[in-house]
Structures are given as structure tokens and as C-alpha cells.
Protein chains: 2
Amino acid sequence: MSPKITTELLRQLRQVMKSSRYLTEPIQAYIVPSGDAHQSEYIAPCDCRRAFISGFDGSAGTAIITEQKAAMWTDGRYFLQAAQQIDSNWTLMKMGLKDTPTQEDWLVSVLPEGSKVGVDPFIIPADQWKRISKALKSAGHVLVPVKENLIDAIWMDRPQRPCKPLMTLDLSYTGIGWKEKIAALRAKMVERKVLWLVVTALDEVSWLFNLRGSDVEYNPVFFAYAVIGTDTIRLFISGDRMADPSTREHLLLDSSLEAEFKIQVVPYESVLTELQAICVGLSPKEKVWLSDKASYALTEAIPKAHRYLTPCTPICIAKAVKNAAETEGMRRAHIKDAVALCELFNWLEKEVPKGSVTEISAADKAEEFRSQQTDFVDLSFATISSTGPNGAIIHYKPVPETNRALSGNEIYLLDSGAQYKDGTTDVTRTMHFGTPSAYEKECFTYVLKGHIAVSAAIFPNGTKGHLLDSFARSALWDCGLDYLHGTGHGVGCFLNVHEGPCGISYKTFADEPLEAGMIVSDEPGYYEDESFGIRIENVVLVIPAKTKYNFSNRGSLTFEPLTLVPIQTKMISVPLLTQKECDWVNDYHRKCREVIGAELKSQGRHEALQWLIRETEPITKMH
Amino acid sequence: MSPKITTELLRQLRQVMKSSRYLTEPIQAYIVPSGDAHQSEYIAPCDCRRAFISGFDGSAGTAIITEQKAAMWTDGRYFLQAAQQIDSNWTLMKMGLKDTPTQEDWLVSVLPEGSKVGVDPFIIPADQWKRISKALKSAGHVLVPVKENLIDAIWMDRPQRPCKPLMTLDLSYTGIGWKEKIAALRAKMVERKVLWLVVTALDEVSWLFNLRGSDVEYNPVFFAYAVIGTDTIRLFISGDRMADPSTREHLLLDSSLEAEFKIQVVPYESVLTELQAICVGLSPKEKVWLSDKASYALTEAIPKAHRYLTPCTPICIAKAVKNAAETEGMRRAHIKDAVALCELFNWLEKEVPKGSVTEISAADKAEEFRSQQTDFVDLSFATISSTGPNGAIIHYKPVPETNRALSGNEIYLLDSGAQYKDGTTDVTRTMHFGTPSAYEKECFTYVLKGHIAVSAAIFPNGTKGHLLDSFARSALWDCGLDYLHGTGHGVGCFLNVHEGPCGISYKTFADEPLEAGMIVSDEPGYYEDESFGIRIENVVLVIPAKTKYNFSNRGSLTFEPLTLVPIQTKMISVPLLTQKECDWVNDYHRKCREVIGAELKSQGRHEALQWLIRETEPITKMH
């Protein structure tokens with residue numbers, strides 16, 4: 001990997017930073033954050049502005065360019081990659097290390113007195129704006145919103161914003177029609193006494209209208225905003241997409257309809273001016289609901305007295321709690337996904353010994369098997385297919401330069417998933433195609449114990465996910481091992497593979513309590529630098545639990561695995577398991593054999609069925 | 001318990017709220033928070049203003065009085081007590097219930113337009129001020145600081161602020177002299193680039209100067225502030241206490257001394273004006289360090305640009321990590337405390353069957369045995385001595401109206417502790433003097449499993465206490481049981497029995513990571529309303545652990561119990577324990593027998609020694 005040469009680009013950007021064409025007054029620094037105007041985790045090529053200006057294309061990072069300097073902040077996952085991708089014009093700022101200054105401290109230390117720092121107000125979340133603005137102000141500088149994006153001004157071959165066709169989802173997939181969703185949303189708005197709700201997250205717009213898109217890789221979403229009033233619905237979207245008859249019919253655009261469900265289709269770009277116009281008409285005490293993670297531009301458009309900001313919109317919570325149709329869809333998706341993986345692992349067992357399978361070809365084969373399944377749409381993220389030392393790189397994605405052949409001498413870790421029209425999957429299995437060492441088995445078994453501890457946990461209603469994180473680590477901790485990532489994230493239903501507002505992590509964010517119907521991942525791991533990586537991940541559904549005393553009728557919850565793919569028993573050191581853990585493994589494998597076995601049979605995949613039967617043989621603890 | 005009649009008091013207060021003697025303009029509401037000017041948990045009688053105006057004397061609650069209404073906010077621990085203590089002039093606001101308005105929402109709903117709400121700026125913490133002020137402002141009202149406390153204005157027989165003699169602690173107790181502590185503190189100030197540090201918490205002042213007092217019940221502290229500069233020390237304290245020769249000598253007040261260690265003794269009341277004077281002299285960028293929990297008055301005295309606020313002062317952290325002398329002192333204190341409890345339990349076993357022991361007399365007897373021990377100073381909190389249904393009231397304190405006789409038919413819970421000159425104790429044991437039921441034993445055993453799970457937990461350096469909380473609940477959760485309080489709190493060394501900045505709780509506050517040398521309690525419980533209460537509490541020391549793989553040299557931690565009092569094996573359902581848990585109990589009891597046995601012997605307490613030996617017989621798990 002050679003760095004991108006950015007000398008000329010930086011020169012141009014610095015010129016634009018002084019240009020009266022874009023600015024009333026020159027700015028002395030320009031901030032280029034990672035995200036898009038919807039604060040998405042995955043972004044479209046046209047929004048990869050930080051990658052364009054710097055060369056660094058990891059998923060997290062902020063670039064700041066001053067008249068003399070250029071600096072790039074990123075976190076531990078990307079220190080190595082960023083160092084390889086940026087040239088000597090840039091200083092790498094390693095976040096999380098003690099001596100690394102924050103963006104605001106660095107700015108204060110390098111800026112001449114009374115400087116102006118610019119940023120695109122649509123890209124920067126309001127809370128970040130506030131933090132940086134405050135720090136700059138107290139040092140005599142000022143943060144200014146620059147309406148035209150200055151990267152776009154110098155990005156000659158910038159790709160167009162995607163505007164791909166939409167897909168409509170009927171009730172058999174969504175369980176609830178969009179009119180019903182809007183009615184429920186309005187009930188929440190009445191409860192909170194707000195008149196308007198601004199929907200900025202792409203997956204929330206998709207979920208609300210039962211539409212899907214493909215504007216962003218892996219995420220079946222499309223560029224749009226929505227503004228819901230008590231008797232109006234505005235959908236901000238590039239208009240030509242509304243020409244499609246099935247979309248028009250789905251949204252009832254041409255039907256005679258109760259006025260409050262009439263959707264006004266408004267151009268995507270006009271969201272700010274429309275929102276400003278709405279706010280002009282507000283009486284005192286009338287409020288507009290917005291996520292506190294929304295952009296500075298939209299937040300500022302609502303006068304402070306009218307803002308109602310929460311960490312979570314009601315859509316975010318409603319979307320997280322899957323209804324019966326969504327749960328059934330997720331079950332179907334996971335059955336199909338398991339079929340594909342049984343085929344893959346059976347194929348790998350035969351092919352790996354020949355020496356011809358690489359990380360890339362294994363990933364491709366996984367995609368091939370998945371794409372054979374009904375309603376397959378896309379992968380749900382870039383497949384992590386890693387063997388030996390590559391497995392220790394948690395966010396590894398095989399590329400030709402690092403591609404490694406699978407062999408009988410190394411652990412293989414596959415973290416992959418897909419989008420089916422009925423659900424989203426995300427599964428990790430760690431396999432050995434030869435004979436694992438005692439140490440590898442020991443580590444694998446601790447990870448498995450952690451996986452089981454979470455999966456089998458029983459906890460009272462109202463418990464937040466972060467309280468379960470340590471269950472996943474306890475067996476590792478006892479031996480002085482740990483992993484440096486969270487244990488689980490929310491999973492969308494034919495939506496983003498990472499979604500809020502719940503998760504299982506040692507980091508305590510403002511997570512909502514777990515509720516029956518929520519779906520999260522359970523994925524502890526262990527990584528031995530330069531040697532191997534282990535992770536065992538199932539997607540699990542939160543379900544009511546039966547307990548002896550039922551928390552004085554407070555009720556209790558536990559998890560049911562939706563992922564039904566065998567966990568390689570060859571990797572387990574059975575004596576390290578308790579009898580209860582052995583029983584869990586055997587029960588899980590019995591269910592895999594039953595459910596996935598039946599599906600393999602009906603799909604006529606007899607060889608994979610034989611593999612499944614072999615891999616789900618019960619384990620026995622000697623007494 | 002009959003309510004306090006407050007009609008006349010409220011009339012007087014409402015008059016004062018309009019009086020030009022105290023106010024330039026009338027106020028329409030007055031807020032009376034719980035605390036004192038140091039945001040102490042335990043307060044002196046002169047600071048019990050909320051109890052005076054309302055009659056409600058629980059440890060947590062806020063009163064708000066408007067021209068027409070009076071309302072009292074308190075939490076679940078006190079719903080019953082508050083309802084009994086306040087008269088019909090008051091509305092009880094049950095915090096945590098869905099329909100209870102916040103103080104600011106309630107104010108907005110009842111105030112006439114453009115109202116002024118007053119509060120004593122020394123009593124209200126800055127963060128609470130900010131929250132309430134913001135909410136009032138956005139509704140067109142204003143929060144104003146009222147310098148003279150309006151409760152004091154109508155409180156005719158208000159007790160004087162205590163000003164009891166000080167006690168000096170020498171190096172054998174403190175390990176570090178006060179000059180050395182100040183030097184270390186100044187090093188931290190240099191590191192953070194602050195010029196001044198304001199010490200507002202009473203236990204921080206006590207710890208810093210190696211002094212103790214008795215101004216507040218149970219907490220060996222005294223009313224004082226300190227302001228530490230880079231070469232000055234100001235101690236704000238009522239002056240006559242500095243007349244005592246041993247205090248003068250301890251603080252080197254009459255010695256020729258390096259200028260930077262010369263203590264200026266300043267009247268307690270002048271802290272605000274002195275701080276304002278200091279701030280006037282600050283150059284730009286010069287900062288003053290203050291806890292973000294300090295009062296609004298002190299926070300406001302520092303211009304915003306000069307404020308350096310953190311959740312934790314460096315003293316708070318230094319105080320939490322006990323040095324060798326403090327740890328040894330805590331060990332000694334816990335040995336003496338265990339001797340007293342062995343005597344007590346031996347005495348109870350003989351006396352309870354006679355029917356003459358009550359909750360109050362048992363608590364008195366515990367205090368009597370403790371007071372026989374060397375360096376005993378006081379109890380460390382009001383003894384919770386509760387039998388049968390009273391045990392289910394978590395913050396129960398026996399009073400004549402509720403006093404119950406101990407018997408062979410009910411569970412007895414004793415949560416008690418003492419201040420010794422060398423350390424602070426806090427221990428809970430749950431006993432049965434007859435034959436416990438199978439259900440009582442089952443619940444006790446789950447609580448014990450939780451206690452052991454925390455006590456034996458191994459975790460990497462840098463782990464925050466809240467990540468261990470679920471370990472204490474897991475066994476209870478599995479059966480649908482839980483307890484509605486945290487699992488542990490920091491414990492001071494001959495200081496407050498509750499101290500920050502670490503703890504073990506499902507509530508995630510801004511806790512600091514656990515470090516070797518910190519001391520916390522481990523106290524899971526189970527409470528069956530109207531029936532019984534169970535709690536098992538040890539004070540435990542954070543120590544380095546040895547693990548097989550040692551977290552790639554990150555290092556690991558575990559706990560060592562300082563409390564060495566037998567856990568009643570009669571209450572244990574042994575089949576519910578794992579072999580490891582059995583071993584833990586037997587190891588713990590072996591240590592109790594060894595260490596406390598030796599002390600009982602040397603104190604000539606032979607009968608209690610026999611009791612100890614009986615109570616520490618190993619338990620055996622049948623196979």
C-alpha cells in the first residue's frame with residue numbers, strides 16, 4: 001500500500017479556504033469529518049471526502065487542514081492503515097494514546113490569534129460542533145459553518161450521489177404498514193407534546209415507509225429525510241425515484257386518502273429551507289423532535305426554545321423491537337444463511353487440504369452460496385475472512401497484498417453476513433482444518449464459555465445490555481485474557497447490520513434497556529497478536545424467560561439464538577466446560593441439526609447435510 | 001409517627017419570600033435541597049433545613065415552596081417515611097415513578113408568568129443549578145441565588161454549626177505527612193496546568209491535612225475549606241480550633257517553614273470573598289481546579305474562562321488508593337471489629353432464646369463490644385439491626401415504635417460498622433437463631449454465591465467497578481430474584497464509610513477504574529417484602545492477582561476480604577454451591593479462625609473463641 005500524494009490537493013484546498021467565492025472571510029483551518037449528512041456508519045463514495053483529501057479510507061477518522069499543517073485523527077483499529085495511506089504532508093494523531101492532543105487542543109496550539117475554523121454544518125453532528133466551538137471560543141477563535149463543502153469544490157471527479165431504484169416491502173415482510181407506523185409515531189409525539197419530528201437517519205426513513213434502497217454499500221437504504229407533522233408527511237428524496245409505479249402505489253401517492261396520510265414528496269436538497277419555514281410558523285412552546293446526533297445544520301435550523309432533542313427517536317426504539325413478521329423473517333434469513341455456511345464449510349474441508357483456497361476465494365465462495373438462497377439481496381458488510389495472524393486484526397478485510405492461503409496449520413476466522421429481503425444476518429465461526437494446539441483450544445473454549453454465558457443469561461426486564469458484557473469476559477479474565485471490543489450490537493431486519501439503541505458493551509453509552517423482540521449479536525473473541533484470532537458470534541433474539549420466582553412479576557428475559565451454524569467441536573477443550581455448558585452446546589447442535597438439517601434436505605443439499613450431522617455430534621464430559 | 005404541622009412555618013417562609021430584608025425583589029418559589037455547603041452525604045443538625053421546614057428527615061429529598069403550594073421530592077427508599085412525616089400542606093413527589101414530574105417541570109406548571117425562583121447558592125451543586133436554571137429560563141422564569149438562607153431566617157432555635165476539637169493523626173496512621181500530600185497535589189496541578197485548587201469536600205480537607213473532627217455524626221470530619229496555590233495554603237476554618245497546641249504543632253503553624261508550606265488560617269465564612277479575590281488576580285489562561293459537584297456559589301466565583309472542573313479532584317483519587325500504613329490500619333480495625341462481632345453473636349446465641357433481646361438492645365450491645373476495642377472512636381453509621389419483616393426495609397434503623405424482639409423464628413440482619421483511629425469498618429451478617437426454612441436458605445445461598453462471585457472475580461487493570469455488578473446478581477437472576485441497590489461503595493480509612501470515586505453498581509456514574517489499594521464493600525442482598533432481608537457484606541481490598549496469561553502484561557486485579565467475620569453456615573444450602581464456592585467459604589473461614597482466633601485468644605475472650613471455632617467448621621459438598 002503506498003500513500004496518496006496530497007501536496008497538490010492540499011494546495012488547492014488552502015486556496016479555496018481563502019476564496020471569496022465560497023467564503024465571506026478566509027478561514028485558517030478546515031475540518032473534514034468522516035460521516036455523511038445522516039451520520040451514517042457506512043457512507044457512499046461521494047461522501048468519502050476525508051479519504052479523498054488524505055488517502056486514508058478507514059471507517060473512522062477526522063482530518064483537519066490549517067494553512068501550514070494537516071493532521072489526521074483515528075483510533076487504534078486504524079493506526080497502521082492510516083500510517084500507510086497518508087503521505088508526509090500529514091501528521092497522524094493516534095486517538096486514545098496519552099500524549100495525543102484532542103482536535104480542539106491541537107487547533108488552539110497551532111492557530112494564529114483570532115482564527116476562523118470552518119466545517120460543513122451538514123456533516124458535523126451538533127454535539128461535536130458544540131464541543132469544538134466551545135473550546136475554540138474560550139481560546140479566542142471561532143468555528144464557522146461553511147455551507148459549500150470545500151472538498152467538493154476541489155474534487156473534480158467526485159462521484160454523483162447515488163439515486164438507485166427503491167424496493168417496496170409488503171406486510172408479509174414488515175408486519176405493519178407505513179400508515180400504521182406513522183399513526184403510532186404521532187401517538188408518541190402527542191405523548192411528548194411535540195408537533196414535528198425530523199427523521200435524519202437513513203435506516204429510520206427506510207423502516208418508517210417500508211422501503212429499501214441500495215444507495216450505500218451493504219446497507220439497504222436510500223438518501224432521504226422525512227419530516228412528520230401531526231397531519232402532514234414530508235418525504236425529502238430525489239424526485240425521479242417517485243416516478244416508479246410500484247413505489248407510487250406503495251406510498252398511495254395517487255390515491256384519494258385521509259389528508260394526514262398524504263405524503264408530500266419534496267426534493268432531497270430542500271430539507272433545510274423547509275425545516276426553517278416550519279420553524280418560522282411555530283408558536284411559543286411548540287416543539288420539534290430531533291435526534292441529538294443530527295447534524296449541526298438541521299439542529300440550528302430549529303430555534304433553541306423549540307428544540308426537543310433525545311438520544312433516541314421513537315422510530316429508533318420501535319425499529320429495534322421486532323414484530324412477529326420481522327422476527328419470522330429474521331428466522332428464515334438465518335436458516336438460509338446457515339444452509340449457505342454449511343455448504344461453505346463442507347466445501348472448505350475438502351478444498352483447503354489441496355492448498356488452493358485463499359481468504360479471498362473463501363469469501364467469494366461464501367457469497368456464492370449465499371446468493372443461491374431465495375430473496376438474497378447483498379452482503380451485509382465486507383466479509384472478514386482471515387487465517388492465522390490476519391485473524392488477530394479485528395477489522396481485517398482480505399486484499400491481494402495480504403491474501404493468505406487457508407491451511408491445516410492455522411485457525412481460520414470467518415465473520416460474514418447477508419441481506420435477504422426477509423432479514424439481515426451476521427455470523428462468525430472460527431475453524432481449524434487440521435489439528436489445533438492445546439493453547440488454541442484453551443482460548444477457543446474460554447471464548448465459547450463467554451458466548452454461552454451471555455446467550456444463556458437470565459436477567460430482569462429493564463436490564464441494559466452493558467450489564468451483561470462482563471459475563472462474556474469472565475472465563476477469559478480468570479486466566480488473564482481479554483478482548484478489546486464490545487460483545488454485541490443491535491441488528492436490523494433487512495436493514496443496517498449495526499443499529500441502535502441497544503448493545504452489549506463495556507462502554508456505557510446511553511443504551512436503552514433490552515426488551516423482548518430486540519435482536520443483538522453475541523460475539524466475544526480472543527486475539528493473539530501476529531498469531532491468530534478467535535470469535536464466536538451468533539445473532540440472538542431477546543425473549544421472555546421462565547424463572548422460578550419471576551422477579552415479583554417484573555418478568556425476565558433471556559436470548560434465543562437465531563444463528564444456527566455448528567460451532568466446531570474439534571476446537572473445544574471439553575474438560576474446561578461445566579456440565580451445563582456441555583448441555584448448552586449439545587442442545588444448540590441438536591437444534592442446528594433439526595432445523596438446518598430439514599432445510600438442507602428440502603434443498604437437496606445432501607453432502608452439506610452429512611457435514612452438518614458430523615459437526616453436530618454431541619460432546620461428552622468425562623466424570 | 002405523626003406528621004410535623006408546618007402551616008405556621010410555611011406562612012412565615014412565604015412572608016420572608018416577599019421580604020425586602022432578604023431580597024431585592026420577591027420570589028415566587030424557594031428550593032430547599034438536602035445537603036450542606038460541602039455536598040456532604042451526612043449533615044449536621046444546623047444543616048437539616050429541609051427536615052425543619054417539612055418534617056421529613058430522610059437522607060435524600062428536596063422541598064420546593066411556592067406562594068400556594070409545597071412539594072417534596074424523594075426516592076423509593078423514603079416514600080413511606082416521607083408520607084408519614086409531612087402534613088397535608090405538602091404534596092409528595094415520588095421520584096422514579098412514571099407520572100411524577102421533575103422539579104423543573106412542576107415549577108413550570110405551577111408558576112405565574114415571569115416568576116423568580118430562589119435557592120441558597122451554597123447548598124445547590126453547580127450541575128443542579130444549571131439544569132433547573134435552563135429549564136426555568138426556557139419557560140420564561142429565572143432562578144436567582146438568595147444569599148441569606150431563608151429557612152435560617154425563620155428557624156428560631158436553629159442549632160449552632162458544630163465546632164468540635166480536632167484530632168491529629170501521626171504518620172503511623174496516615175503513612176504520608178500533610179506536606180508530602182500537598183507536594184504531590186501540586187505536582188498534579190502542574191501536570192494539569194492549574195494554578196489553584198479549591199477543596200470543598202470535608203473528607204478531602206481532613207485527609208489532606210491528616211486531621212479528623214467530629215462535627216458530623218459518624219463522619220470524622222470538620223467544617224473547613226482549603227485553597228491550595230502553587231506556593232500558598234489557605235485553610236478556611238473557625239479560628240478558635242487553631243488555638244489547640246497539638247493542632248498548631250501538627251500544622252507547623254508556629255515553626256519557621258519553607259514559605260510554600262506555611263498554612264494561612266482564614267475564617268470559614270470568608271472562603272467566597274477570598275476565592276473571588278484570587279480570581280481577580282488571574283491572568284488569562286490561568287485556571288482554578290474545582291470539583292464539578294461543588295456549590296453554585298463557589299463555581300460562579302470563578303469566571304468561566306478560569307474554571308477547571310472535573311468529576312474527581314486529585315485528592316479524591318489519592319485518598320481512595322490506600323497506602324501501606326492505611327491498609328495496615330484498615331486490617332487492624334477489621335480484626336478488632338471482628339472480635340466485637342464474635343462476642344456479639346456468641347452473646348446473641350445465648351440471649352435470644354430467652355426472648356429479651358430486641359433490635360435496639362442488640363445494636364447497643366454491638367456498640368458496647370466495639371467500644372471495648374483500642375482506638376474506638378464512634379460508629380461509622382446508624383446501625384441497621386433488623387429482624388423478620390424489618391429486614392426487608394433496606395435503610396431500616398430501629399426506633400421504639402418499630403422495635404422487634406429477636407427470636408428463633410426469624411432471620412436477623414445486622415449491618416453495622418465503626419470508626420477506629422486506624423480505620424473504618426462496615427459489615428453485614430444475616431443470621432438465624434433457630435431453624436431457617438428451605439426458602440430462606442435458598443435465597444441466602446444465592447446471595448452468598450453473588451458475594452463470592454465478586455470477591456473472587458479476577459479482572460484486568462483499568463476495569464471500572466460497575467462492570468462487576470452483574471456478577472453479584474447472576475445466581476439470583478437465574479431464579480428470578482434481584483435486589484434494588486448497588487453492590488458496593490468505596491470505604492474511607494478513618495473517614496466516611498461511603499466515599500468516591502469507585503464503587504460497584506448497576507448505575508453507571510462517572511466511576512474511576514479500580515486500582516490496587518482501593519477499598520470497597522461487597523454487599524449483595526435479597527429482600528422479601530414483609531418477610532425478611534438478607535445481605536452479606538465484607539469490606540474488600542483491591543489487590544494484584546496472579547493469572548496464567550496476565551493480560552499481555554496489562555496486569556490483573558482481584559479482592560482480598562478485610563472483614564473476617566464468619567458467614568453462618570447454617571443458612572447455606574450446600575448443594576447449591578459449586579466446589580469452588582465451597583472451597584472459597586472454607587478458605588475464608590480458615591482465615592477468620594486463624595486471624596481472629598489469635599486476637600480473641602490474646603484478648604482473653606475464650607467463650608467467643610469457642611463460638612468462632614464452631615462457626616468456622618468446614619462445609620462439605622456431597623458427591
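The shown structure was predicted, so the numbers you read here are calculated from the model rather than taken from an experiment. (Residues numbered from 1 in each chain as written. Chains lettered and ligands numbered in written order. Predicted model: local features only at pLDDT ≥ 70, side-chain atom pairs only at ≥ 80, totals over all residues. Heavy atoms only, no water.)

**Remarks on the overall build of chain A**
Here is the rule we go by: Numbering of helices and strands runs from the N terminus, with a helix taken as a DSSP run of H or I at least four residues long and a strand as a DSSP run of E at least two residues long. Here the radius of gyration uses the C-alpha set of atoms, whereas the globule reference equals 2.2 Å times the residue count to the power 0.38. A simple rule labels every residue: compare its accessible area, found with a 1.4 Å probe on the protein chains alone, to the largest value its type can have, and call it buried under 20%, exposed over 50%, or partly exposed in between. Only heavy atoms matter for contacts: two residues are in contact if any of them lie within 4.5 Å across the pair. In short, Shrake-Rupley with a 1.4 Å probe defines the accessible areas, and a residue's cover is counted only from the protein chains shown. In summary, the charge assignment counts Lys and Arg as positive and Asp and Glu as negative, without counting His or the chain termini. Every charge is mapped to an atom, namely NZ of Lys, CZ of Arg, CG of Asp or CD of Glu.
For chain A, the count of helices and strands is 19 helices and 28 strands. Taken over the C-alpha trace, chain A has a radius of gyration of 26 Å; the compact-globule value for 623 residues is 25 Å, and the two agree within 12%. By principal-axis analysis of the C-alpha atoms, chain A measures approximately 80 × 60 × 50 Å. Here chain A holds 623 residues, and 59% of them are scored as buried. A separation of at least 24 residues holds for 70% of the contacts in chain A among residues at least 6 apart in sequence. About 24,900 Å² of surface is accessible on chain A, with carbon and sulfur atoms providing 53% of the total. One finds the centroid of the 67 positive side-chain charges in chain A at a distance of 4 Å from the centroid of its 78 negative side-chain charges.

**A short note on the interface of chain B and chain A**
Cut-off, in case you're wondering: Put simply, buried area is the surface a 1.4 Å probe can reach on two separate parts but cannot reach once they are joined, added for both. We define a salt bridge as a side-chain nitrogen of Lys or Arg found within 4 Å of a carboxyl oxygen belonging to Asp or Glu.
Between chain B and chain A, the contact holds 30 residues from the first and 29 residues from the second. Between chain B and chain A the total buried area reaches about 2,600 Å² when both faces are included, carbon and sulfur atoms providing 61% of it. Looking only at chain B, the three residues that lose the most surface to chain A are L467, W477 and Y549 of chain B, adding up to 25% of its buried area. Where chain B meets chain A, there are four salt bridges.

**Quick word on the pattern of salt bridges**
Residue and element names in this part refer to chain A. On inspection of all chains with the given rule, the structure shows 74 salt bridges over all chains. When the shortest N-O distance is used, the salt bridge between K336 and D422 registers 3.0 Å. Taken as a pair, K336 in helix α14 (residues 324–351) and D422 in the loop between β18 (418–420) and β19 (423–424) lie far apart in primary sequence, 86 residues in all. Look at the salt bridges and you will find they share partners, linking D47, R49, D152, R158 and R161 into a network.

**What to know about the UniProt feature "domain: Creatinase N-terminal" (unreviewed entry) in chain A**
Selection criterion: UniProt positions are given in the numbering used here, feature names are shortened, and annotations may be inferred rather than shown by experiment.
Residues annotated in UniProt with the feature "domain: Creatinase N-terminal" (unreviewed entry) correspond here to residues 27–148 of chain A. As annotated, residues 27–148 of chain A comprises 28% helix and 21% strand, and the C-alpha atoms at either end are separated by 13 Å.

**Some remarks on the relation of the copies chain B and chain A**
Put simply, the test is: When the copies are superposed, the least-squares fit draws on C-alpha atoms of residues that have pLDDT of at least 70 in both.
Placing chain B over chain A gives an RMSD of 0.1 Å and needs a rotation angle of 180 degrees, together with 0.1 Å of translation along the axis. With respect to symmetry, the two chain copies, as superposed, fit the operation of a two-fold axis. For chain B, the minimum C-alpha distance to the rotation axis belongs to L467 of chain B and amounts to 3.4 Å. Of the interface residues in chain B, 97% have counterparts in chain A that sit at the interface too, so the contact is made through matching surfaces.

**Some points on the environment of G465 of chain B**
Residue and element names in this part refer to chain B. Among the structural elements, G465 can be located in the loop between β21 (459–460) and α17 (469–478). Counting along the chain gives 24 residues from G465 to H489, while the straight-line C-alpha distance between them is 9.3 Å. Beyond its immediate sequence surroundings of up to four residues, G465 is in contact with G503, I504, S505, D511 and L514.

**Some points on the confidence of the model for chain A**
It should be kept in mind that the predicted coordinates are not to be read in detail where pLDDT is low. In plain terms, the rule: Think of pLDDT as the predictor's per-residue confidence, scored from 0 to 100.
Of the residues in chain A, 99% reach a pLDDT of 70 or more, and the chain-wide mean stands at 96. What the predictor reports for the complex is a pTM of 0.94 with an ipTM of 0.92.

**Things to note about the pairing of strand β4 (residues 91–94) of chain A**
All names here are of chain A. Rules: Pairing between strands is defined by DSSP: at least two bridges between the two strands are required. A clockwise course of the path from the first strand over the helix to the second, judged with the strands pointing away from the viewer, identifies a crossover as right-handed.
For strand β3 (residues 70–74) and β4, the ladder comprises four bridges, and the chain directions are parallel. When the sheet's bridge partners are listed, W73 is paired in β4 with M93. A crossover links β3 with its parallel partner β4, the connecting element being helix α3 (residues 79–85), and its sense is right-handed.

**Digging into helix α1 (residues 7–16) of chain A**
Note the threshold: Within this analysis, the arc is defined by the directions that extend from the helix axis to the C-beta atoms.
Turning to α1 of chain A, its buried residues number three or more, namely L9, L10, L13, R14 and V16 of chain A. Relative to the axis of α1 of chain A, the buried residues are bounded by an arc of 155 degrees and lie together on one face.

**Looking at the state of the cysteines**
Residue and element names in this part refer to chain B. Note the cut-off: Here, a disulfide means two cysteine sulfur atoms that sit within 2.5 Å of each other.
Counted by the stated rule, this structure contains zero disulfides over all chains. The thiol of C479 is unpaired, and the distance to the nearest cysteine sulfur, on C443, comes to 8.7 Å. A relative accessible area of 12% means that C479 is categorised as buried. C502 provides the cysteine sulfur closest to C493, a residue in no disulfide bond, and the two sulfurs are 14 Å apart.

**Quick notes on the pairing of strand β14 (residues 307–310) of chain A**
Residues and elements named next belong to chain A. Sheet analysis places strand β13 (residues 288–291) next to β14, joined by four bridges and oriented parallel. Bridge pairing in β14 links V288 to R307. For the crossover from β13 across helix α12 (residues 296–301) to β14, the handedness is right-handed.

**A closer look at the sheet that holds β3 of chain A**
Residues and elements named next belong to chain A. Going by this rule: In this analysis an axis means a line fitted to C-alpha atoms, helices contributing only their contacting stretch, and an angle means the value between N-to-C directions, from 0 to 180 degrees.
Pairing is mixed in the open sheet, where six strands are placed in the order β4-β3-β2-β1-β5-β6. Each edge of the open sheet carries a strand with a single partner, namely β4 and β6 (142–145). With strand direction ignored, the average angle separating the axes of adjacent strands in the sheet is 25 degrees. Set on the sheet, α1 makes contact with β1 (29–32), β2 (62–66) and β3; between it and β2 the angle comes to about 65 degrees. Sitting on the sheet, helix α4 (residues 103–110) touches β1, β2, β3, β4 and β5 (116–119), and the angle it makes with β2 is about 10 degrees.

**Overview of the sheet that holds strand β15 (residues 376–379) of chain B**
Where strands meet in a sheet, backbone hydrogen bonds hold them as pairs that are either parallel or antiparallel. Residue and element names in this part refer to chain B. If you trace the three strands from one edge of the open sheet to the other, you get β15-β18-β19, paired in antiparallel fashion. Of all strands in the sheet, those bounded by a partner on one side alone are β15 and β19 (423–424). Here strand β18 (residues 418–420) runs beside β19; their pairing, made up of two bridges, is antiparallel. What sits directly across from Q419, in β19, is T424. Here helix α15 (residues 359–371) sits on the sheet and contacts β15 and β18; the angle it forms with β15, its principal contact strand, is near 160 degrees.

**Points about the packing of helix α14 (residues 324–351) of chain B against helix α18 (residues 579–602) of chain B**
Residue and element names in this part refer to chain B. We count it as follows: Note that the term roughly parallel is reserved for angles under 35 degrees, roughly antiparallel for angles over 145, roughly perpendicular for angles of 65 to 115, and oblique for everything else. Note that Gly is not counted as nonpolar here; it falls among the polar residues with everything else outside the nonpolar set of Ala, Val, Leu, Ile, Met, Phe, Trp, Tyr, Cys and Pro and the charged set of Asp, Glu, Lys and Arg.
Packing of α14 against α18 leaves a shortest axis separation of 9 Å and a crossing angle of 75 degrees. One finds that α14 runs roughly perpendicular with respect to α18. Of α18, the residues touching α14 (which contributes I335, A338, V339 and C342) are V595, I596, E599 and L600. When grouped by side-chain class, the residues that make up the contact of α14 with α18 number seven nonpolar, no polar and one charged.

**What about helix α5 (residues 126–138) of chain B?**
Residue and element names in this part refer to chain B. The line we're drawing: Helix span is expected to be 1.5 Å times the residue number reduced by one.
An ideal rise of 1.5 Å per residue puts 18 Å on 13 residues; α5 measures up with 18 Å between its terminal C-alpha atoms. Within α5, burial applies to A126, W129, I132 and L136. Down the axis of α5, the buried set is contained in an arc of 130 degrees. They therefore lie on one face. In α5, the exposed positions that point more than 90 degrees away from the buried face belong to K130, K134 and S138. In this fold, the buried residues of α5 make contact with β1 (29–32), α4 (103–110), β5 (116–119), β6 (142–145) and α12 (296–301).

**Describing the environment of Y412 of chain A**
All names here are of chain A. Note the cut-off: We call two N or O atoms a polar contact when they sit within 3.5 Å, provided that within protein one can donate a hydrogen and the other can accept it, with sequence-adjacent residues counted only if both atoms are side-chain atoms.
You can see Y412 is positioned in strand β17 (residues 411–416). What makes Y412 buried here is its relative accessible area of 0%. For the pair Y412 and I534, spaced 122 residues apart in the sequence, the C-alpha separation amounts to 8.3 Å. Once you skip the residues sitting within four places of it in the chain, Y412 turns out to touch L348, A362, S385, S386, T387, L406, R429, T430, M431 and F433. At 2.7 Å, the side chain of Y412 forms a polar contact with the side chain of S385.

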